[in-house]
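Examining the three-dimensional arrangement
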Amino acid sequence: MKQQYSKFKLLLLTLSVFMFNAGGFAQSDFDVQAMQEDFSVFKNSIQDIHPGLYWYSDSTEVAERFSKIESSISPSLSKKEFYALLQEFYAAINCGHSWMETPAFWRNTFKSNPYTLPVNIYFEDSAFTVIHDLTPNRSIPAGSTITQINGEPLQEVYDGLLKYAPSDGFNLTKRRSFVAWNFSRFYQTFNTPTNTFEIEFIAPNTQQVERITVKGLTEAEHKALQKERYPKKTGGSNTPLASFKMIEDTGYLDINTFARGWLKSNKIKYKKLLKETFKSLKENNVEKLILDLRGNGGGSDVFGAILCQYLLNEDFKYFDRMETVTSKFKYKDYSNTKWFNTIGVLFKKDKKKPGYFTFNYHKPLGKQKPRKHSFEGELVILTDGNTFSTSADVAAVLHFNKRGTFIGREVGGGYYGNNSALQYQITLPNSKVTYYIPVVRYYSSVSNADFYGHGVKPDIVVKKTYDDYILGKDLAMEKAIDFLNR
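Note that the coordinates shown come from a computational prediction; the quantities given were computed from them, not determined experimentally.

Along the backbone of the protein there are 15 helices and 20 strands. In summary, the protein has a C-alpha radius of gyration of 25 Å against a globular reference of 23 Å for 486 residues, a match within 12%. With respect to the principal axes defined by its C-alpha atoms, the protein has extents near 90 × 65 × 40 Å. Once local pairs closer than 6 in sequence are excluded, the contacts in the protein between residues at least 24 apart make up 74%. Split by element, the accessible area of the protein, about 24,000 Å² in all, is 51% carbon and sulfur. Computed over 62 positive and 51 negative side-chain charges, the separation of the two mean positions in the protein equals 8 Å.

This brings us to the pattern of salt bridges. On inspection of all chains with the given rule, the structure shows 17 salt bridges. Residue Glu 323 pairs with Lys 353 through a salt bridge whose shortest N-O separation is 3.2 Å. Pair noted here: Glu 323 is in strand E12 (residues 319-324) and Lys 353 is in the loop between strand E13 (348-349) and strand E14 (357-358), with a separation of 30 residues, a long-range link. Given the relative accessible area of 28%, Lys 353 is considered partly exposed. Three or more residues joined by partner-sharing salt bridges are found here, namely Glu 124, Asp 125, Arg 176, Arg 409 and Lys 463.

Attention shifts here to the packing of aromatic side chains. If you walk through the whole model with that rule in mind, you get 38 aromatic pairs. Geometrically, the ring pair formed by Tyr 56 and Tyr 452 is tilted, given 5.5 Å between the ring centres and 50 degrees between the ring planes. Of this pair, Tyr 56 sits in the loop between helix H2 (32-49) and helix H3 (59-72) while Tyr 452 is found in the loop between strand E19 (434-444) and strand E20 (460-461), placing the two residues 396 residues apart along the sequence. The class of Tyr 56 is buried, set by a relative accessible area of 10%. Taking the centre distance of 4.8 Å and the plane angle of 10 degrees together, the rings of Phe 278 and Tyr 310 count as stacked. Taken together, the positions of Phe 278 in helix H11 (residues 270-283) and Tyr 310 in helix H12 (residues 301-311) put the pair 32 residues apart, joining distant regions of the chain. Among the residues examined, Phe 278 registers a relative accessible area of 1% and is labelled buried. Assessed through its relative accessible area of 6%, Tyr 310 is described here as buried. In textbook terms, an aromatic cluster arises when at least three aromatic residues are bridged by ring pairs, as seen for Phe 39, Phe 42, Phe 66, Phe 89, Tyr 90 and Tyr 435.

Before going further, it helps to examine a nonpolar patch on the surface. A cluster of nonpolar side chains, contributed by Val 345, Leu 346 and Tyr 361, occupies part of the molecular surface with about 310 Å² of accessible area. Examined against the element boundaries, Tyr 361 turns out to sit in the loop between E14 and strand E15 (367-368).

Right, let's talk about the pairing of strand E8 (residues 242-247) for a bit. The pairing of E8 with strand E9 (residues 250-255) spans six bridges and is classified as antiparallel. Within the sheet, the bridge partner assigned to Ile 247 lies in E9 and is Thr 250. Connecting E8 to the next strand, E9, in antiparallel fashion are two residues, including Glu 248 with a positive phi near 55 degrees.

Looking now at a positive patch on the surface. Taken together, the side chains of Arg 107, Lys 111, Lys 223 and Lys 227 present a region of like positive charge at the surface. Structurally, Arg 107 can be placed in helix H5 (residues 104-112). The exposure class assigned to Arg 107 is partly exposed, which follows from its relative accessible area of 39%.

Put simply, H2 and helix H4 (residues 79-92) touch, their axes get as near as 12 Å, and they point 10 degrees apart. As judged from the angle between their axes, H2 and H4 are roughly parallel. The segment H2 lies against H4, with Met 35, Asp 38, Phe 39, Phe 42 and Ile 46 engaging Phe 82, Leu 86, Phe 89 and Tyr 90. In the contact of H2 with H4, the residues fall into eight nonpolar, no polar and one charged.

Per-residue pLDDT for the protein has a mean of 91; in total, 93% of the residues score no lower than 70. Predicted confidence is poor over residues 1-28, with pLDDT under 50, and the contacts of this stretch with residues over four places away or in other chains come to 16 contacts.

Moving on to helix H9 (residues 219-229). Restricting attention to buried positions, one finds in H9 the residues His 222, Leu 225, Gln 226 and Arg 229. Along the axis of H9, the buried residues cluster in a sector spanning 105 degrees; they form a single face. Opposite the buried face of H9, at more than 90 degrees from it, the exposed residues are Ala 220, Lys 223, Lys 227 and Glu 228. Looking at the buried positions of H9, the neighbouring elements they touch are strand E2 (119-124) and strand E3 (127-133).

This part takes up the environment of Thr 189. Its location among the elements puts Thr 189 in helix H8 (residues 183-189). Separated by 78 residues in the primary sequence, Thr 189 and Lys 267 place their C-alpha atoms 39 Å from one another. In terms of polar contacts, Thr 189 uses its side chain to reach the side chain of Trp 106, at 2.6 Å.

Not every positive phi belongs to a glycine, and Lys 267 is a case in point at roughly 55 degrees. Tracing the backbone through its elements, the reader meets Lys 267 in the loop between helix H10 (260-265) and H11. Exposure remark for Lys 267: the relative accessible area of 79% places this residue in the exposed category. A positive phi is found at Lys 402, a non-glycine position, where the angle reads about 50 degrees. If you trace the backbone, Lys 402 turns up in the loop between helix H13 (390-400) and strand E17 (405-408). Lys 402 gets classed as exposed once you look at its relative accessible area, which sits at 76%.

Calculation rules
Residues numbered from 1 in each chain as written. Predicted model: local features only at pLDDT ≥ 70, side-chain atom pairs only at ≥ 80, totals over all residues. Heavy atoms only, no water. Helix = DSSP H or I, 4+ residues; strand = E, 2+ residues; numbered from the N terminus. Rg over C-alpha atoms; globule rule 2.2 N^0.38 Å. Contact = heavy atoms within 4.5 Å. Areas by Shrake-Rupley, 256 points an atom, 1.4 Å probe, with all protein chains shown as cover. Lys, Arg positive; Asp, Glu negative; His and termini not counted. Charge placed at Lys NZ, Arg CZ, Asp CG, Glu CD. Salt bridge = Lys/Arg side-chain N within 4 Å of Asp/Glu carboxyl O. Buried < 20%, exposed > 50% of the residue type's maximum accessible area, 1.4 Å probe, protein only. Phe/Tyr/Trp six-rings, centres within 6.5 Å; stacked < 30°, edge-to-face > 60°. Patch = residues over 30% accessible without salt bridge, like charges linked within 9 Å, V, L, I, M, F, W, Y side chains within 5 Å. Pairing = 2+ DSSP bridges. Axes fitted to C-alpha atoms, helices over the stretch in contact; angles between N-to-C directions. Parallel < 35°, antiparallel > 145°, perpendicular 65-115°, else oblique. Nonpolar A, V, L, I, M, F, W, Y, C, P; charged D, E, K, R; others polar. pLDDT = per-residue confidence, 0-100. Arc of directions from axis to C-beta. Polar contact = N/O pair within 3.5 Å; in protein donor to acceptor, adjacent residues only side chain to side chain.

Shown next, in the form of structure tokens:
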């Protein structure tokens, strides 16, 4: 009997492994009652707290999205599939500050299994080009164009994953960047997991269509192979988080973040840097300036407003208002941010807008005055899909005040503002999915109907191709210098 029992256990183990590799998780990993409880907390908390739930969707659309999740709850729905439904809903709010953590049960599974694609891809709109070949026999040379993965056109796969990526409004530059940076994780999370990839590609030299089947890599294997085959070049210097220099007769101010803590930890005195930069520009009669906001994910809006004070020469408004939809946070049993209720006293009921609260104690809400040595010359602003949050606010205020020429790609953050500031963290009781709800909605002091649901669109669009990436060419920078020297 003992031997038969061991064989029975082996059979069960084999079946469970098969079920996992075939698409995920046994039906019993998440029961319906637990799922319904999690959904109730998810739905109620977002409706009660999120200030931008109906910014880009009306109540009917939001209700339909909630109904889609509720009607999908069944004994056959796995925990991973439930998480995917939540993530799809959250991304559809079109708020780049509304985000979810990859739950531990799936994060650990992904990390320990060979789910990572054995190539690194350069994503640029509809072009998918291999940067690094990490296949065992180096079967996909760098420069190859990938056309299909597991029988599906890569363009369709990529576009299908965009609905899970957070972004402000209907912006695609931010979403595309997000999916590109997280492609393997997104591909495996929101599809049936696989450790084998059939890759169709066009080789760069022969232009022949080729097809190979390769095994995936674990994250550790991917990292080790990357280090072995493509070691980083030594001797280079990292780009400072904020810096200024002269390029011949043109000033170049590069600000990669407005985050106070990050700047401070890198020993950068932001206010001092700006003061010295603009004083130098004035004293040396510099008439051309490039402001580089590419890759700037935001930070302190006070720092954003100060920068605008150096770039605008008349009084202006930065924010029109800041509002919330609640002053009480009822989900303390699911949150480690219980102290939020202590700040509720700062939110005042809005007499003109019943059901809303305003926050009025913030410098960027007041009239903004130009700083001493504010720049009066010609300005070019470089932006991309990762120009987000505070840097998107800066871009919008400068654009609205007709200050400067924008070069690059569409800004990743919303033109009219965003939902951000405080982030209320909630962890669902059963699935342990953790998500963050922004509490405050910021209204930038701008108006342009063409930019509803979008960020600032550049006056001159510059795309960076694979060849530009490999050669280290900065076409946007070159275009900016040419424009200023025209």
